[in-house]
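# Chain and residue survey
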Amino acid sequence: MSERINPDLQKERDAATFDVEELSVLLHNGAHELEKKRKLEELVRNDPDYKSLPFDFLSREAQYEEGVRRSTIAVAKKDQLGSLIENHGDLITYNTHVGRGKAGPFNLHTGMFIPTLVKQGSPEQVAKWLPLSENYQIVGTYAQTEMGHGTFLRGLETTAHYDPHTQEFVLNSPTTTSIKWWPGALGKTSTHAVVLAQLYTLGKCHGIHAFVVQLRSLEDHKSLPGIMVGDIGPKFGYGANDNGFLKLSNHRIPRENMLMKYSKVAPDGSYSKPPKSTLTYGTMTFVRAMIVRGSAQAIAQGATIAIRYSAVRRQSEMRPGEPEPQVLSYPTQQYKLFPLLCAAYAFHFVQVKMIEAYSEVTELVNKGDFSRTQELHALSSGLKAYTSAISNTGLEVCRTSCGGHGYSCASGFPALYTNFTPSVTYEGENTVLLLQCARYLVKCTRDLRSGAKLPGSVAYLSCGCDPSSIGKDFTNVKTLDSLYKQRALGLIRFASGKVDASMDGGMDLVGALNESSVHLVRAAVAHSHYFVVRNFFEKLSKLTSTSQLLMEVLHQLSLFYALDGVAQHSGEFLEDGLLSGEDVKQIRQLTVEMLPKIRVNAVALVDAFEFGDDVLGSVLGRYDGNVYENLFKWAQDSPLNKTDVSVWFVMWGKMGCSNV
Ligand SMILES: CCC/C=C/C(=O)SCCNC(=O)CCNC(=O)[C@H](O)C(C)(C)COP(=O)([O-])OP(=O)([O-])OC[C@H]1O[C@@H](n2cnc3c(N)ncnc32)[C@H](O)[C@@H]1OP(=O)([O-])[O-]
Ligand SMILES: Cc1cc2nc3c(=O)[nH]c(=O)nc-3n(C[C@H](O)[C@H](O)[C@H](O)COP(=O)(O)OP(=O)(O)OC[C@H]3O[C@@H](n4cnc5c(N)ncnc54)[C@H](O)[C@@H]3O)c2cc1C
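Residues numbered from 1 in each chain as written. Chains lettered and ligands numbered in written order. Predicted model: local features only at pLDDT ≥ 70, side-chain atom pairs only at ≥ 80, totals over all residues. Heavy atoms only, no water.

Let's shift gears to the nonpolar core. If you look at the biggest cluster of nonpolar residues, it comprises 141 residues, and the most contacted ones within it are Ile-307, Phe-338, Leu-341, Tyr-345 and Tyr-561. Setting aside residues no more than four positions away along its own chain, Leu-341 makes contact with Ala-303, Ile-307, Ile-598, Ala-602, Leu-605, Val-606 and Phe-609. (Core = buried A, V, L, I, M, F, W, Y, C linked by side-chain atoms within 4.5 Å. Buried < 20%, exposed > 50% of the residue type's maximum accessible area, 1.4 Å probe, protein only. Contact = heavy atoms within 4.5 Å.)

Here it is, written out as structure tokens:
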């Protein structure tokens with residue numbers, strides 16, 4: 001196979017107006033981090049132990065086995081990585097490459113089991129289980145969702161009754177709907193799970209608490225008495241992951257297995273409350289913040305594949321005899337893809353902000369200060385829902401923008417989409433999370449009336465609603481910021497007003513929130529969208545050592561992202577009189593006029609994300625752009641091509657049919 005770069009792709013790279021390396025360094029948090037990432041990727045790429053057929057050609061069972069094989073080798077080789085692993089993030093980079101970006105069987109262990117131990121375990125519990133977990137002597141998962149309830153946590157049915165005589169908890173799944181269902185790696189891989197169950201002690205229920213439960217023998221991996229555990233079967237995607245079920249029958253665990261950093265059960269069964277009841281929800285907040293990062297990466301991967309392929313693909317003579325243009329040259333193709341490219345950048349910067357906010361609040365919580373947990377919950381819920389929804393629909397736009405080849409697994413889109421799409425459901429279904437965010441926004445508008453000072457992400461709610469103050473220069477960052485602010489304010493005040501009116505009419509808060517939930521969801525989306533736009537502008541204003549050429553390009557992306565958002569949601573800006581019909585037309589025209597400016601850098605902008613070919617898993621999105629010869633080569637691996645004569649012909653003959 002040729003090593004040359006496809007000339008069309010090379011031409012795009014040569015035309016870029018900025019230094020891709022400078023942008024890559026910025027996106028990867030500095031030259032040192034980028035260098036580590038490159039070395040880790042190279043290690044995986046050159047390691048013969050990680051060579052195998054693409055997952056697309058494997059049966060579900062073989063995908064799981066391949067996932068286990070790769071993850072196990074990765075653990076065995078972890079210690080050889082030396083100085084390349086400086087922090088948890090480096091390990092995630094390594095594992096992502098090993099797993100080719102797919103959800104592998106140890107994801108829940110590192111992503112939820114260990115974080116829950118650390119966040120909710122007492123110092124003694126952390127000292128006991130963390131080393132075992134870090135050395136993979138035990139492998140865990142997070143078993144919360146049941147067949148009957150995922151969203152409504154207070155409705156979970158699994159019980160943990162404390163028996164003071166033996167100082168044990170007795171765990172049960174009392175009904176079919178109480179069977180744990182969905183947890184990743186629960187079916188076949190995990191030896192342990194953090195199980196969320198209703199705690200009963202001295203005859204009283206204290207709500208859901210987290211318990212460390214051993215599921216399988218560490219000797220022979222057989223499931224323990226009282227534990228019925230298995231795989232839930234094939235799913236939309238996630239073939240390499242054994243999402244599982246768990247039925248508990250009078251399964252006993254020692255008292256010390258309840259995670260007791262905050263709530264406690266003493267040997268005599270007396271119960272001490274946590275300082276805040278929602279602390280048990282802490283791991284979910286963490287994972288929601290991580291999903292904002294995942295959303296940024298997913299849409300950046302989709303844009304990388306679609307934009308590179310669009311530069312290579314030529315289609316339709318515009319005039320007879322003329323060369324066929326690259327499909328990237330069609331304004332309609334650009335209008336599909338550039339909003340998503342810009343979203344990838346906007347989401348990149350907002351995920352950094354989200355994780356910073358999470359770390360700040362966690363530091364406060366560790367010092368016993370819970371004053372910002374509500375704000376963090378609202379922010380992480382809103383951003384998780386907003387970014388994952390855009391990336392989810394955006395991936396499908398990217399796929400269809402690749403025409404017929406987008407439908408082949410060779411495009412990488414089927415795997416990318418089916419791996420990503422559960423993000424809109426798991427870790428809090430998106431509508432439910434937007435309602436959580438909106439509930440906080442309503443609370444803030446009430447607090448304002450009693451003179452409260454609101455924290456950072458919602459401080460703008462104290463601003464006045466004044467459409468006339470918005471300027472008409474739509475390429476001005478301040479004008480765009482005001483537009484988004486006024487849209488969010490308008491929708492939040494409208495929804496809050498509806499809630500107030502229902503309550504004035506005698507309804508309780510819960511009923512009033514439910515009655516206005518359609519308005520509340522729109523308010524939460526507008527709030528989250530504004531946060532993303534504002535953060536993009538703010539981030540760029542703080543980049544002091546970035547070259548002028550790169551600043552210009554990033555500024556264009558932020559402007560296009562904001563303008564396109566107004567065009568897409570024009571109804572909401574019109575409804576509140578923030579814009580006139582003429583203004584919307586002007587804004588739409590501005591976005592069309594910006595397309596060529598983005599086009600010149602489009603390939604370089606996706607190159608800067610530096611997704612290796614292994615992680616993209618896409619023939620269409622290959623770095624070298626040699627699509628056609630590799631598409632042909634890829635098809636040769638199809639198991640149907642192992643034999644020339646197909647099973648059809650054999651069966652045909654057996655049935656006495658003949659076509660000669
Ligand atoms: C790789 C990934 C694999 C996937 C893994 C999974 O999916 S794992 C499974 C993932 N599963 C899910 O994600 C399940 C999704 N479901 C849930 O998270 C909850 O059931 C709920 C939040 C929807 C409602 O809970 P509820 O009925 O108990 O609550 P309520 O509505 O009555 O409000 C009470 C108060 O609590 C507050 N508050 C709530 N959460 C938080 C928080 N995290 N922090 C701080 N605060 C929080 C809320 O603001 C409100 O405050 P207010 O106004 O009273 O001052
Ligand atoms: C791939 C995958 C991996 C998962 N991994 C794990 C795991 O590791 N551990 C774990 O514990 N769980 C896991 N889950 C489960 C997941 O967290 C839940 O499925 C998720 O929280 C959604 O809950 P649900 O299934 O009960 O949806 P439901 O709540 O039943 O949602 C159905 C519909 O009802 C609507 N709805 C529900 N409540 C409300 C409301 N109050 N107001 C308005 N509308 C509402 C929703 O918007 C949605 O449209 C996983 C799920 C998937 C798909």
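Residues in contact with ligand 2 amount to 20 residues; listed here are only the nearest, Tyr-142, Thr-145, Gly-150, Thr-151 and Glu-429. Here Tyr-142 contributes a backbone N or O atom positioned 2.9 Å from a nitrogen atom of ligand 2. Contact distances for ligand 2 include 2.9 Å between an oxygen atom and a backbone N or O atom of Gly-150. Considering ligand 2 on its own, with 970 Å² of exposed area, one finds that the protein chains cover 64% of that surface. With three residues, helix 12 (residues 430–449) is the largest single contributor of residues to the shell around ligand 2. For the shell around ligand 2, a count of residues per class yields nine nonpolar, nine polar and two charged. Residue assignment places the shell around ligand 2 across two domains, with domain 2 (138–274) and domain 3 (283–606) each supplying three or more. (Near = heavy atom within 4 Å. Polar contact = N/O pair within 3.5 Å; in protein donor to acceptor, adjacent residues only side chain to side chain. Areas by Shrake-Rupley, 256 points an atom, 1.4 Å probe, with all protein chains shown as cover. Helix = DSSP H or I, 4+ residues; strand = E, 2+ residues; numbered from the N terminus. Nonpolar A, V, L, I, M, F, W, Y, C, P; charged D, E, K, R; others polar. Domains from an automatic or database assignment.)

Feature annotation in UniProt places "binding site: FAD" (unreviewed entry) on Thr-145 and Gly-184, given in this structure's numbering. For the residues just named, distributed over 40 residues, the greatest C-alpha separation is only 10.7 Å, placing them together at one site. Considering the arrangement of structural elements, one finds Thr-145 in the loop between strand 1 (140–143) and strand 2 (159–163). Structurally, Gly-184 can be placed in the loop between strand 4 (180–181) and strand 5 (192–201). Here Gly-184 falls in the buried class, since its relative accessible area comes to 7%. (UniProt positions renumbered as here; feature names shortened; annotations may be inferred.)

Next up on the list: the site of ligand 1. What surrounds ligand 1 is a group of 23 residues, the closest being Thr-151, Arg-154, Tyr-281, Glu-427 and Arg-439. One of the side-chain nitrogen or oxygen atoms of Thr-285 is found 3.1 Å away from a nitrogen atom of ligand 1. Measuring from an oxygen atom of ligand 1, one finds a backbone N or O atom of Gly-428 at 2.8 Å. Among the elements that line the shell around ligand 1, the one with the most residues is helix 12, at four residues. Taken together, the residues of the shell around ligand 1 sort by class into seven nonpolar, eleven polar and five charged. Mapping the shell around ligand 1 onto the domain boundaries places at least three of its residues in each of domain 2 (138–274) and domain 3 (283–606).

What follows deals with the packing of helix 12 against helix 13 (residues 477–504). Between helix 12 and helix 13, whose axes approach to 9 Å, the crossing angle comes to 80°. Here helix 12 lies roughly perpendicular to helix 13, going by the angle between them. On helix 13, the residues touching Leu-441, Val-442, Thr-445, Arg-446 and Arg-449 of helix 12 are Ile-492, Ser-496, Val-499, Asp-500 and Met-503. Looking at the contact of helix 12 with helix 13 residue by residue, the class counts come to five nonpolar, two polar and three charged. (Axes fitted to C-alpha atoms, helices over the stretch in contact; angles between N-to-C directions. Parallel < 35°, antiparallel > 145°, perpendicular 65-115°, else oblique.)

On to unusual backbone geometry, then. Even without glycine at this site, Asn-29 takes up a positive phi of about 65°. Note that Asn-29 resides in the loop between helix 2 (20–27) and helix 3 (31–46). Non-glycine residue Ser-316 carries a positive phi angle of around 70°. Examined against the element boundaries, Ser-316 turns out to sit in the loop between helix 8 (282–312) and helix 9 (331–366). Residue classification places Ser-316 among the partly exposed positions, given a relative accessible area of 40%.

Under the domain assignment used here, the protein contains domain 1 (12–114), domain 2 (138–274) and domain 3 (283–606). Here domain 2 and domain 3 have C-alpha centroids that lie 37 Å from each other. In this assembly, nine residues from domain 2 lie in contact with 13 residues from domain 3. For the pairing of domain 2 and domain 3, the buried interface totals around 750 Å² over both sides, and the portion due to carbon and sulfur atoms is 66%. Summed over the shared surface of domain 2 and domain 3, the result is zero salt bridges. Here domain 2 and domain 3 share one residue pair in polar contact (both at pLDDT 80 or more) between them. Across the side of domain 2 that touches domain 3, the residue classes break down as five nonpolar, three polar and one charged. (Buried area = accessible area lost by both parts, 1.4 Å probe. Salt bridge = Lys/Arg side-chain N within 4 Å of Asp/Glu carboxyl O.)

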